[in-house]
Amino acid sequence: EAPLLSVQDLGMTFPGPRGVLSRRAGIKAVDGVTFDVRPGETLGLVGESGCGKSTTGRMLVRLLDPTAGRVSFRGADITRTGQRELRPLRSKFQMIFQDPFASLNPRQTVQQIIAAPLRAQGVAPDAVRREVRDLVGLVGLAPEHLERYPHQFSGGQAQRIGIARALATRPELVVADEPVSALDVSIQAQIVGLMERLQRELGVAYVFIAHDLAVVKHISHRVAVMYLGRIVEIGGKDEVYADPAHPYTKALLSAVPLPDPAAERARERIVLLGDPPSPANPPSGCTFHPRCPKAQPVCSTERPLLRLTAPSGTRQAACHFPEA
Ligand code: SF4
Ligand code: MG
């Protein structure tokens, strides 16, 4: 099946601080990111904070213009499309944000918030009212919630409003940037479950951004792991979770609790040394080498490219010494 979204060599370089020579050295927040999203699937995009996953997510829906590469939606390059030509496409891709309260206008009622994207599309007032009623039901809120304001809701309910707004125009793609990170752990599974159900009912595709692999395990069909602005591993969910190829993926997975207590006790935990390095000053060669338990001399001089880990497979990893 043709991809819904196709991302090619996407890059974002932010201007850096002025150096001694008064030349701005750019900071590569995202570098050479390439992946596809198929209709109706979920791609989990995972990595520590500062790895460029939010920046990538914002570029996918043109909230941020990339400095390199391109994004195609159903075959059409949307990277440099003017805002006017972009307008009819806008309804096809939407975003859900991490902090539901910060992303909802506190002076608008739920009715007004969810209606806004429909009104922007020129939908008639009667049809907007009907649609908004359907949408609140779809996300598990009640009709009496329509006249209330965001501060009258819990975090989980506020995120349901954000989801209803994102789905109002029946998009084909939703980029969800850590949609459950700000919520109580007890609520997180409910919201992920809701998003899964909505995907089954509406056929929407998700790019689901998270900082740990546990959150996206159930909802993802494929997973991409980012480190310092680049994808270091990407593949089918089962393959990546059962048999990670990149040492960084392995380390992230070793922090995901196992349901079986015996397995949990027996399992080795990989503790990474130090924090991720700053993208302003990335390490040479493989940027993961200062923290990698498997690093060899070649790792600090040669950058590993993303390549297939088996000739017949689809999973790719960027490592000189991949597992499996
Ligand atoms: Fe570790 Fe070397 Fe692989 Fe980088 S290339 S992840 S340093 S083994
Ligand atoms: Mg972020």
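Refer to the structure above for everything that follows.
The structure presented is a predicted model; accordingly, all values stated were derived computationally and were not measured. (Residues numbered from 1 in each chain as written. Chains lettered and ligands numbered in written order. Predicted model: local features only at pLDDT ≥ 70, side-chain atom pairs only at ≥ 80, totals over all residues.)

Trainee: Explain the site of ligand 1 here, please?
Mentor: Taken together, 13 residues are adjacent to ligand 1, and Cys286, His289, Cys292, Cys299 and Cys319 come closest. Here the shell around ligand 1 is composed, by residue class, of nine nonpolar, three polar and one charged. (Near = placed C-beta within 6 Å. Nonpolar A, V, L, I, M, F, W, Y, C, P; charged D, E, K, R; others polar.)

Trainee: Teacher, can you tell me more about helix H4 (residues 110-120) here?
Mentor: Residues three or four positions apart in an α-helix share a direction because the helix packs 3.6 residues into each turn. Here H4 has its buried residues at Val110, Ile113, Ile114, Ala115 and Leu118. Where H4 is buried, its residues contact helix H5 (125-138) and helix H6 (155-167). (Buried ≥ 20, exposed ≤ 12 C-beta atoms within 10 Å, placed from the backbone. Helix = DSSP H or I, 4+ residues; strand = E, 2+ residues; numbered from the N terminus. Contact = placed C-beta atoms within 7 Å.)

Trainee: Is there a simple way to think about the sheet that holds strand E2 (residues 27-37) in this case?
Mentor: Sheet strands line up and pair through hydrogen bonds in the backbone, either parallel or antiparallel. Spatial ordering of the open sheet is given by E2-E1-E4-E5, a layout of four strands whose pairing is antiparallel. Strands at the two margins of the open sheet, each flanked by one partner only, are E2 and strand E5 (76-77). Against the sheet, helix H1 (residues 53-60) makes contact with strand E1 (5-14), E2 and strand E4 (68-73), and its axis sits at roughly 120° relative to E1, the strand it touches most. (Pairing = 2+ DSSP bridges. Axes fitted to C-alpha atoms, helices over the stretch in contact; angles between N-to-C directions.)

Trainee: Just to check I follow, could you spell out the packing of H6 against helix H7 (residues 185-202) for this structure?
Mentor: The description of two packed helices rests on the angle between their axes and on the distance between the axes. Where H6 meets H7, the closest approach of the two axes is 10 Å, and the angle between their N-to-C directions is 20°. In terms of axis orientation, H6 runs roughly parallel to H7. Judged by the twist between their axes, the crossing of H6 over H7 is right-handed. Contacts from Gly155, Gly156, Gln159, Ile163 and Leu167 in H6 reach Ile187, Gln190, Ile191, Leu194, Met195, Leu198 and Leu202 in H7. Considering only residue class, the contact of H6 with H7 consists of eight nonpolar, four polar and no charged. (Parallel < 35°, antiparallel > 145°, perpendicular 65-115°, else oblique. Left-handed = near helix turned anticlockwise from the far one by under 90°.)

Trainee: I would appreciate a short explanation of the sheet that holds strand E11 (residues 307-308) in the present structure.
Mentor: Across the sheet, eight strands lie side by side as E6-E7-E8-E3-E9-E10-E12-E11; this open sheet has mixed pairing. Each of the sheet's edge strands pairs with one partner strand only, and the pair in question is strand E6 (93-96) and E11. The sheet contact formed by E11 and strand E12 (residues 316-317) spans two bridges and is antiparallel. Within E12, the residue paired with Arg307 across the bridge is Ala317. This element, H1, spans strand E3 (42-46), strand E7 (173-177), strand E8 (205-210) and strand E9 (222-227) of the sheet and lies at about 155° to E8.

Trainee: Honestly, the nonpolar core in this entry has me stumped. Any pointers?
Mentor: Soluble globular proteins tend to bury their nonpolar side chains together. If you look at the biggest cluster of nonpolar residues, it comprises 83 residues, and the most contacted ones within it are Ile114, Ala164, Val174, Val207, Ala224, Val225 and Val232. With residues near it in sequence (within four places) discarded, Val232 still touches Val225, Met226, Tyr227, His246, Tyr248, Phe288, Ala317 and Ala318. (Core = buried A, V, L, I, M, F, W, Y, C linked by C-beta atoms within 7 Å.)

Trainee: Mind showing me how you'd approach the pairing of E8 here?
Mentor: It is a general feature of regular strands that their side chains alternate between the two faces of the sheet. Of all six residues in E8, six are buried, a share of seventy percent or more. The alternating pattern of E8 places Ala205, Val207 and Ile209 and Tyr206, Phe208 and Ala210 on opposite faces, both of which are buried. In terms of strand pairing, E3 meets E8 through five bridges, oriented parallel. Directly across from Val46, in E8, lies its bridge partner Ala210. For E7 and E8, the ladder comprises five bridges, and the chain directions are parallel.

Trainee: Help me understand H1 in this model?
Mentor: Most of H1 sits inside the fold, with seven of its eight residues counted as buried. Every buried residue of H1 is listed here: Lys53, Ser54, Thr55, Thr56, Gly57, Met59 and Leu60. Backbone geometry just downstream of H1 places Arg62 in the positive-phi region, at approximately 60°.

Trainee: In this structure, what is going on with the environment of Thr81? I would like to understand it.
Mentor: As for its placement among the helices and strands, Thr81 is situated in the loop between E5 and helix H2 (83-90). When the 15 C-beta atoms within 10 Å are taken as the criterion, Thr81 is described as partly exposed. For the pair Thr81 and Asp65, spaced 16 residues apart in the sequence, the C-alpha separation amounts to 10 Å.

Trainee: Got a minute to help me understand the packing of H4 against H6 in this structure?
Mentor: Running from N to C, H4 and H6 point in directions that differ by 30°, and their axes come no closer than 7 Å. Our classification of the angle between H4 and H6 gives roughly parallel. The handedness of the crossing between H4 and H6 is right-handed. Counted together, Val110, Ile113, Ile114 and Pro117 of H4 and Ile161, Ala164 and Arg165 of H6 form the full contact between these two elements. Each residue belonging to the contact of H4 with H6 can be placed in one class, and the counts come to six nonpolar, no polar and one charged.

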